[in-house]
Amino acid sequence: MSRILVLNCGSSSVKWRLFDGPDTVGKGLVERVGTGGPADHDAALSEIMSAADLSGLAAVGHRVVHGGDRFSAPTLVTDEVFAAVRDLVPLAPLHNPANLTGIEVARRLLPGVPQVAIFDTAFHRTMPAWARAYAIDTSVAGKWGIQRYGFHGTSHAYVSRRTAALLDRPVEHTNVITLHLGNGASACAVAGGHSLITSMGMSPLEGLVMGTRSGDIDPTIIFHLRRVGGLGVDEIDDLLNRRSGLMGLAGDNDMREIEARRDAGDEAATLAFDVYCQRVKGYVGAYAALLGRVDAVTFTAGVGENSAPVREACLAGLDPFGIAVDPDRNAARGGERVISPDGARVAVCVIPTDEELEIATQTRTVLATT
Ligand code: AMP
């Protein structure tokens, strides 16, 4: 019983990967669920089950986006846990319903197989009170569950641990600023293996500039669009989540396109690139101040792993902080690697993230303790 099936259920897609020990023995992506592909998540999971060899399946690990303030660790799914995750839907209306559907269908189609929920928010439950609180009336915040939860937790956990391993340092004595720059993007200050603060907050909208999300804005923009612009709340939600970020600034959410256009002198793409990278730099500086001592800055995810120009621009001029990028090392490709010059006070690293592997690993820890 050594196989773990990892499921990442979105509203219209199911990403899966089958692990045997640490090895991947199957993977796939079922798309257009309910819109031309499989009729529903039942059909999608049935498809996966016939594609994957599930003999010796020990458990299914599910990615769940929002664990609220209830879940601080991977959790075996019981009826009670399922209900608690359902209660969190108002906090993550775009994500948790699909995650729940995946769990519900997997429990039904694989009776007797333990189902484990891995929460994107869990790694950040170690954030101190000052990192979790918004400076608003505490009675209002408490009533509506308004606090900073943070996301991308499995990625920040995995990448910060791998950074310590790459540098041959004990995790508990290593402070890392992890920069998960993908279509969604977030920064995290990891102190001795624990999340101290992260840039996403109550939802994945706060913080860095992303492919289609604005990241930090003045909340007054929302009132202004509502009162003066006459936009509805759902329209504003759509604007900030799906038509902002790189997309809003330059009409494209793919950093490769932004870079190509910037190289060709396109002004909108140049502005988008600058807003994106300067925002990251601002967070690096803020998190360096909050950590006090920084041992490493680590880039991960689609943009972070692949874009040398973004990495260079995000850290340009930080030499006074001991942070520098070696141009040749930055330009070279590869897996886990250090791209700072020899002898630099702060190691700058690139670590390919692997959220599915981390989910499988965490699922195994739950099996081992139950
Ligand atoms: P992720 O969400 O981690 O899969 O990241 C996806 C994003 O990575 C894409 O939208 C691209 O913008 C970006 N990306 C992938 N490859 C490159 C590359 N070679 N250079 C710049 N950006 C890239």
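Here the structure is a predicted model, which means the values were calculated and not measured.

1. What about the pairing of strand β3 (residues 23-30)?
By the bridge criterion, 7 bridges tie strand β2 (residues 14-20) to β3 in an arrangement that is antiparallel. Paired with lysine 15 across the bridge in β3 is leucine 29. Hairpin connection, β2 to β3: the antiparallel pair is bridged by 2 residues, and glycine 21 has positive phi, about 60 degrees.

2. Thoughts on the site of the ligand
Around the ligand, the neighbouring residues are Gly182, Asn183, Asn253, Asp254, Met255, Arg256, Glu259, Ala301, Gly302, Val303, Asn306 and Ser307. Methionine 255 places a polar main-chain atom, nitrogen or oxygen, 2.7 Å from an oxygen atom of the ligand. Separating an oxygen atom of the ligand from a backbone N or O atom of glycine 302 is a distance of 2.9 Å. Notes on the ligand: free accessible area 510 Å², of which the protein chains cover 70%. With 4 residues, helix α12 (residues 301-306) is the largest single contributor of residues to the shell around the ligand.

3. Section: the packing of helix α6 (residues 153-166) against helix α15 (residues 355-369)
Two numbers describe how α6 lies on α15: the axes approach to 9 Å, and their chain directions differ by 90 degrees. Classified by the angle their axes make, α6 and α15 are roughly perpendicular. Contacts from Thr154, Ser155, Ala157, Tyr158 and Arg161 of α6 reach α15 at Glu355, Leu357, Glu358, Ile359 and Gln362. Tallied by class, the residues present in the contact of α6 with α15 amount to 4 nonpolar, 3 polar and 3 charged.

4. Overview of the sheet that holds strand β8 (residues 185-191)
With respect to topology, 6 strands assemble into an open sheet ordered β9-β8-β7-β10-β12-β11, the strand pairing being mixed. Each edge of the open sheet carries a strand with a single partner, namely β9 (194-198) and β11 (337-338). Relative to strand β12 (residues 347-350), strand β10 (residues 296-300) runs parallel, the two being bridged by 4 bridges. In the strand pairing of β12, threonine 298 is matched with cysteine 349. Sheet strands in contact with α6 are β7 (175-181), β8, β9, β10, β11 and β12, and its direction is about 130 degrees off that of β7.

5. Some details on the environment of valine 65
With respect to the secondary-structure elements, valine 65 resides in the loop between β4 (57-64) and β5 (75-76). Sequence spacing of valine 65 and phenylalanine 119 is 54 residues, and the spatial spacing of their C-alpha atoms is 5.5 Å. Other than its neighbours up to four places away in sequence, valine 65 contacts His95, Asn96, Asn99, Asp120, Thr121 and Phe151.

6. What to know about the UniProt feature "binding site: Mg(2+)" (unreviewed entry) in the protein
Following the UniProt record, one finds the feature "binding site: Mg(2+)" (unreviewed entry) at Asn8 and Glu355. Maximum C-alpha separation among the annotated residues is 9.8 Å over a sequence range of 348 residues, consistent with a single clustered spot. Along the chain, asparagine 8 turns up in strand β1 (residues 3-9). Each residue touching asparagine 8, except ones within four places of it in the same chain, is listed here: Ser13, Val14, Lys15 and Arg63. Its place among the elements puts glutamate 355 in helix α15.

7. A closer look at a nonpolar patch on the surface
On the surface, Ile217, Ile221, Ile222 and Phe223 cluster together into a nonpolar patch covering about 300 Å² of accessible area. Given the relative accessible area of 40%, phenylalanine 223 is considered partly exposed.

Scoring rules and cut-offs
Residues numbered from 1 in each chain as written. Predicted model: local features only at pLDDT ≥ 70, side-chain atom pairs only at ≥ 80, totals over all residues. Heavy atoms only, no water. Pairing = 2+ DSSP bridges. Helix = DSSP H or I, 4+ residues; strand = E, 2+ residues; numbered from the N terminus. Near = heavy atom within 4 Å. Polar contact = N/O pair within 3.5 Å; in protein donor to acceptor, adjacent residues only side chain to side chain. Areas by Shrake-Rupley, 256 points an atom, 1.4 Å probe, with all protein chains shown as cover. Axes fitted to C-alpha atoms, helices over the stretch in contact; angles between N-to-C directions. Parallel < 35°, antiparallel > 145°, perpendicular 65-115°, else oblique. Contact = heavy atoms within 4.5 Å. Nonpolar A, V, L, I, M, F, W, Y, C, P; charged D, E, K, R; others polar. UniProt positions renumbered as here; feature names shortened; annotations may be inferred. Patch = residues over 30% accessible without salt bridge, like charges linked within 9 Å, V, L, I, M, F, W, Y side chains within 5 Å. Salt bridge = Lys/Arg side-chain N within 4 Å of Asp/Glu carboxyl O. Buried < 20%, exposed > 50% of the residue type's maximum accessible area, 1.4 Å probe, protein only.

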